[in-house]
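# Secondary and tertiary structure notes
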Amino acid sequence: MKNIFKWALVLPLIASISFVSCNKDDDDPVTPVVTSPVDGKVLIYEETSTEAEVDVKVYADEALYVGYNQLYVLLYEQGTKNMIKSAHVTFATEMTMMMGMSHASPIEDPSNTDPSDGVFQGAAVFIMPSEGNGTWTFKVHVHNHANNMEGEVMSEVNVISPTEAKMYSFLSATDNAKVFVSLVEPMMPEVGENKFEVVVHSKATMMSFPSMEDLNIEIEPEMPTMGHGSPNNVNPTHIGNGHYEGVVNYTMTGLWRVHMTVKDKDGNVMNDANYFDMTF
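We now turn to the structure provided with this report. It should be emphasised that the depicted structure is a prediction, and the values quoted were computed from it without experimental measurement.

Next up on the list: the overall build of the protein chain. When helices and strands are tallied, the protein chain shows 1 helix and 17 strands. When the 280 residues of the protein chain are sorted by exposure, 40% land in the buried category. For the protein chain, the share of sequence-separated contacts (at least 6 apart) that also reach a separation of at least 24 residues comes to 58%. Only carbon and sulfur atoms are counted for the fraction: they give 52% of the accessible area of the protein chain, which is about 15,200 Å².

Here it is as structure tokens:
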């Protein structure tokens, strides 16, 4: 009887202590997970500009390939981890070919000079692979607003040919101009309606590749192995800076081929023999 009475007194005390302990744990602050704005990106290179007193890191979504590559630049005060969020950043590319000639490629400079996350995002369209052609370099010029100093960094970069082409070129049937059409979206297609976006540039000189902003583009997807297309596709229209956006509808998984017809502003066909293949 004494033992029963003893446990009757002890058990509530244990429960009370456990309850207090649980509450104490619940009240402990949760340490926030610190993430980087370039988590999941691939580091292409990092260099220091002593002229601008800035460390530069260049990232991409994946290894650089022939076509449209989104690029992400982070800037730090030289020798520190202090991020610089106010700067003017521009890009430049150059391919030095084996026979001694050189040329550039289309680029899109970061438009935001004061990004809240510190990521200066632009793009480069590499028009040929490194292997068998020569050496690509990618240059970043920085005007550091913190100290009003300027400088640039540059590095050789390797450009591969993707398994399924993400860019094609042609000589226009209307004026013989060299035109480059690069796939922007979808990069990860799925069954259903997908945003379909391309960007189009022309070759003005070996070092100048302006965007083309007055084209008419038509698309027609098909499954070559199944012998059918799909409904509810929307032809891309110009949304700015040579980018054209529409909708492609994939009704099942497998190999899809998106045929493209590119016309000039007057409706004359410039090219209708090219396409993008996408397998998912």
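A few words on the side chain of His103. Take His103: it is sitting in strand S5 (residues 102-103). Dropping the residues within four chain positions of it, His103 is found in contact with Thr93, Glu94, Met95, Met97, Ile127, Met128, Trp136, Met206 and Met207.

Sheet architecture is open: 4 strands sit in the order S5-S4-S8-S9, paired in antiparallel fashion. Here the strands that pair on one side only, and so sit at the sheet edges, are S5 and strand S9 (149-157). Alignment of strand S4 (residues 87-97) against S5, held across 2 bridges, turns out to be antiparallel. Looking at S5, one finds that Thr96 is bridged to Ser102.

A separate point is the sheet that holds strand S13 (residues 216-222). Taken in spatial order, the 3 strands of this open sheet run S13-S16-S17, and their pairing is antiparallel. At either margin of the open sheet sits one strand with a lone partner, and together these are S13 and strand S17 (269-279). Taken pair by pair, the neighbouring strands of this sheet meet at an average axis angle of 20°, ignoring direction. Relative to strand S16 (residues 255-263), S13 runs antiparallel, the two being bridged by 7 bridges. Bridge pairing in S16 links Glu218 to Thr261.

Right, let's talk about the nonpolar core for a bit. The biggest cluster of nonpolar side chains holds 38 residues, and the ones touching the most others in it are Val56, Val73, Leu75, Trp136, Phe138 and Val140. Looking at this core, the elements with two or more residues in it are strand S2 (54-60), strand S3 (67-77), S4, strand S7 (120-126), strand S8 (134-144), S9 and strand S11 (178-185). In this view, Val56 contacts Tyr45, Glu46, Glu47, Val73, Leu74, Leu75, Val140, Val142 and Val153; residues no more than four positions away in its chain are not counted. Counting 23 residues, the second-largest nonpolar core is a separate cluster that includes Val198, Val248, Tyr250 and Val262.

Tallied over the entire structure, the rule returns 7 aromatic pairs. Three or more aromatic residues joined by ring pairs form one cluster here, namely Tyr168, Phe170 and Phe276. The side chain of Lys166 reaches across the aromatic face of Tyr65, ending 4.2 Å from its centre. The lysine or arginine in question, Arg257, covers the ring of Tyr275, its NZ or CZ lying 4.2 Å from the ring centre.

Take the environment of Asn274 next. In this fold, Asn274 is placed in strand S17. Measuring from C-alpha to C-alpha, the distance between Asn274 and Val262 comes to 9.3 Å, with 12 residues separating the pair along the chain. If we skip the residues at most four places from it in the chain, Asn274 touches Tyr168, Ser169, Phe170, Val258, His259 and Met260. Here the side chain of Asn274 touches Asn271 through a polar contact of 2.9 Å, side chain to side chain.

In this model, Glu185 is joined to Pro186 through a cis peptide bond whose omega is 0°. Take Pro186: it is sitting in the loop between S11 and strand S12 (192-202). Even without being glycine, Asn232 reaches a positive phi, approximately 65°. Following the sequence through the fold, Asn232 ends up in the loop between S13 and strand S14 (234-240). Positive phi values are uncommon outside glycine, yet Asn241 reaches one of about 55°. Mapped onto the elements of the fold, Asn241 is located in the loop between S14 and strand S15 (243-250).

What counts and what doesn't
- Residues numbered from 1 in each chain as written.
- Predicted model: local features only at pLDDT ≥ 70, side-chain atom pairs only at ≥ 80, totals over all residues.
- Heavy atoms only, no water.
- Helix = DSSP H or I, 4+ residues; strand = E, 2+ residues; numbered from the N terminus.
- Buried < 20%, exposed > 50% of the residue type's maximum accessible area, 1.4 Å probe, protein only.
- Contact = heavy atoms within 4.5 Å.
- Areas by Shrake-Rupley, 256 points an atom, 1.4 Å probe, with all protein chains shown as cover.
- Pairing = 2+ DSSP bridges.
- Axes fitted to C-alpha atoms, helices over the stretch in contact; angles between N-to-C directions.
- Core = buried A, V, L, I, M, F, W, Y, C linked by side-chain atoms within 4.5 Å.
- Phe/Tyr/Trp six-rings, centres within 6.5 Å; stacked < 30°, edge-to-face > 60°.
- Lys NZ or Arg CZ within 6 Å of the ring centre and 35° of its normal.
- Polar contact = N/O pair within 3.5 Å; in protein donor to acceptor, adjacent residues only side chain to side chain.

Worth remembering: the numbers are spatial, not functional.
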